[in-house]
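As a plain string of letters, each chain reads:
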Amino acid sequence: MEDQTELKTGVDAVQGSSEKLDKALLALEVRRTVTEQQIDRVNDFARRIQEDSSGVSLDELNIRLKALHSAFDAFNKVQTKIEEKDFEEISQPNRSKYEELYYYIATTLKVCISKLNNADSNQTVHASHAILPGEKYDTVKLPKIELREFSGDVTTWIAWFDEFTSLVHNNERLDTFTKLHHLVSKLSPAAKAPIAGIKIIAGNYEVI
């Protein structure tokens, strides 16, 4: 009688353990199905844009690719747990099927991203080379105009100052100190002598 009781207890324990395992496997399989559906949805999107990619933005492609990485990572983790609990799962096609699908989708999305990036680059290049109405397209590469040194000869002052005004003074990209630096650096020792006592600071640009 005692042996029968122990046997029944053992059977109940095995059944209870089996039920727990079944429930754990079922929960994992549900999670796997969710990740598979996520990957399938990105796959549907990838197939659509292969047929017609008009209207698809670079941001959307990057978001879809990120979602794909996340879903496949989750799939890998849950698939590994299922295989650890059910060795027969190792021989099933689930892992290989979704690995191949992942590689296909990721490649498709990256190709589309690359195409859009190249298209944006080409548009930028074309825009930078666009000729505005009234402008002439000059293919001749002109030599860079350098500001000459002012020798101090008053007879050349007007011509030199015109050059300085055009190349430096009216250049809005230069700050005051840079303009002053260009001015002083292009004065000969003789021309620089009258301003020898003035500090080379931005506030003295108009003074010099």
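The rules behind each value
Residues numbered from 1 in each chain as written. Predicted model: local features only at pLDDT ≥ 70, side-chain atom pairs only at ≥ 80, totals over all residues. Heavy atoms only, no water. Helix = DSSP H or I, 4+ residues; strand = E, 2+ residues; numbered from the N terminus. Buried < 20%, exposed > 50% of the residue type's maximum accessible area, 1.4 Å probe, protein only. Contact = heavy atoms within 4.5 Å. Areas by Shrake-Rupley, 256 points an atom, 1.4 Å probe, with all protein chains shown as cover. Polar contact = N/O pair within 3.5 Å; in protein donor to acceptor, adjacent residues only side chain to side chain. Patch = residues over 30% accessible without salt bridge, like charges linked within 9 Å, V, L, I, M, F, W, Y side chains within 5 Å. Salt bridge = Lys/Arg side-chain N within 4 Å of Asp/Glu carboxyl O. Core = buried A, V, L, I, M, F, W, Y, C linked by side-chain atoms within 4.5 Å.

Undergrad: Quick one: what's the story with the overall build of the protein, residue by residue and with numbers?
TA: Each helix and strand counted, the protein has six helices and zero strands in total. Each helix and strand of the protein, ordered N terminal to C terminal, gives the series α-α-α-α-α-α. Within the protein, buried positions represent 25% of all 208 residues. The contacts in the protein between residues at least 6 apart in sequence include a share of 63% that link residues at least 24 apart. For the protein, the accessible surface area stands at approximately 15200 Å², while carbon and sulfur atoms represent 55% of it.

Undergrad: Outline the environment of Ser-91, listing residues and values.
TA: Along the chain, Ser-91 turns up in the loop between helix H2 (58-85) and helix H3 (94-128). Exposure remark for Ser-91: the relative accessible area of 61% places this residue in the exposed category. A distance of 2.8 Å separates a polar atom in the side chain of Ser-91 from the backbone oxygen of Glu-88.

Undergrad: Let's hear about a nonpolar patch on the surface: which residues, and what values?
TA: The grouping of Leu-26, Val-30 and Val-34 at the surface amounts to a nonpolar patch, some 250 Å² of accessible area in total. By the element assignment, Val-34 lies in helix H1 (residues 2-51).

Undergrad: For the pattern of salt bridges, give the residues involved together with the corresponding values.
TA: On inspection of all chains with the given rule, the structure shows six salt bridges. Across the pair Glu-36 and Arg-32 runs a salt bridge, and its minimum N-O distance is 3.8 Å. Linking Glu-36 with Arg-32, this pair stays in helix H1, spanning four residues, or about one helical turn. Across this residue pair, the class does not change: Glu-36 and Arg-32 are buried. Sharing partners across several salt bridges, the network here consists of Arg-32, Glu-36 and Glu-89.

Undergrad: Break down the nonpolar core for me, citing the residues and quoting the values.
TA: With 20 residues, the main nonpolar core has Ile-39, Ile-49, Leu-61, Leu-68, Ile-105 and Leu-109 as its most contacted residues. Sorting the residues of this core by element identifies H1, H2 and H3 as the ones contributing at least two each. With eight residues, H3 is the single largest residue contributor to this core. With 12 residues, the next largest nonpolar core counts Leu-147, Leu-180, Leu-187 and Ala-191 among its residues.

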